[in-house]
Amino acid sequence: MASLSKPDMPRDFTICTAFMVKAWTTDFTAARLFVLRDDDGDGWAYASLYAADTNIELSASLGEVFVRTTIDRLLFPLTWTRVCVSLDTISGKVAVVVNGQLLQDEVHQEALEDDKYRPSNMSLVLGYNQVNGNEYTGMMSQLNIFSSALFASRMVAQTQAGGEECGAPGDYVSWEEEDWNLTSQAR
């Protein structure tokens, strides 16, 4: 598990990350990519991948907004899956991009409403499911957070393997520059 505390969470943001599993060690083939928690440790936002028999399902919760989408490909071990999720509270848009494919770019009424549970300070947790206390067997890399909702074209570029913008550092959280708190087996 890795964690990071940051003050002044931006109202609009984009989170991009990459995930690879070496091998699923349980029958439940899912991984929580990230969790944003408030000062009390309560989860406010998350994104999860689930490896089904014929596709991948991505679910994300950003405060009051919940999205679920299906990706018509398999989640293979030892293969990076790159994901970007954005929230734009001015337009109410939530966008999801996986491996260079725009899967969702829709207005959600809940994103326009004031969210009384939204944290001003955030604790970011990677590789751990606080509900069941399990750590995931996969690897995370290039988690970057931008202090705005990126355009879909930029999110696509962020998630295209080998592309010039793939894994570009965020202006709120930069994978390479942060001092991550590593616990248990995290490296």
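For clarity, every value in this text was computed on a predicted model and none was experimentally measured.

## What to know about the overall build of the chain
Looking only at helices and strands, the chain has 2 helices and 14 strands in total. Per-residue burial over the chain gives 50% buried out of 187 residues. Taking all contacts inside the chain whose residues are at least 6 apart in sequence as the whole, residues at least 24 apart take part in 63%. Carbon and sulfur atoms provide 46% of the accessible area of the chain, an area that totals close to 9500 Å².

## Considerations on the packing of aromatic side chains
Throughout the structure, instances matching the rule amount to 2 aromatic pairs. Between Trp-175 and Trp-180 the ring centres are 5.4 Å apart and the planes differ by 50 degrees, which places this aromatic pair in the tilted class. The ring of Tyr-172 carries Lys-6 above its face, with NZ or CZ at 5.2 Å from the centroid. Between Arg-32 and the ring centre of Tyr-46, over which it is positioned, the NZ or CZ distance is 3.9 Å.

## Re the state of the cysteines
Inspection of the entire model under this criterion finds 1 disulfide. With no disulfide partner, Cys-166 has as its closest neighbouring cysteine sulfur the one in Cys-84, 8.7 Å distant.

## Some details on the nonpolar core
Counting 41 residues, the largest nonpolar core has Phe-13, Phe-34, Leu-36, Leu-124, Leu-143 and Ile-145 as its most contacted members. The element best represented in this core is strand β4 (residues 43–51), accounting for 5 residues. Ignoring any residue separated from it by four or fewer positions in sequence, one finds Leu-36 in contact with Met-9, Phe-13, Ile-15, Asp-42, Gly-43, Trp-44, Ala-45, Met-122, Ser-123 and Leu-124.

## A look at the pattern of salt bridges
Taken as a whole and judged by the stated rule, the model has 3 salt bridges. With a shortest N-O distance of 3.9 Å, Lys-93 and Asp-105 are connected by a salt bridge. Within this pair, whereas Lys-93 is found in strand β8 (residues 93–98), its partner Asp-105 is found in strand β9 (residues 101–107), the two being separated by 12 residues in sequence. Among the residues examined, Lys-93 registers a relative accessible area of 35% and is labelled partly exposed.

Criteria and thresholds
- Residues numbered from 1 in each chain as written.
- Predicted model: local features only at pLDDT ≥ 70, side-chain atom pairs only at ≥ 80, totals over all residues.
- Heavy atoms only, no water.
- Helix = DSSP H or I, 4+ residues; strand = E, 2+ residues; numbered from the N terminus.
- Buried < 20%, exposed > 50% of the residue type's maximum accessible area, 1.4 Å probe, protein only.
- Contact = heavy atoms within 4.5 Å.
- Areas by Shrake-Rupley, 256 points an atom, 1.4 Å probe, with all protein chains shown as cover.
- Phe/Tyr/Trp six-rings, centres within 6.5 Å; stacked < 30°, edge-to-face > 60°.
- Lys NZ or Arg CZ within 6 Å of the ring centre and 35° of its normal.
- Disulfide = S-S within 2.5 Å.
- Core = buried A, V, L, I, M, F, W, Y, C linked by side-chain atoms within 4.5 Å.
- Salt bridge = Lys/Arg side-chain N within 4 Å of Asp/Glu carboxyl O.

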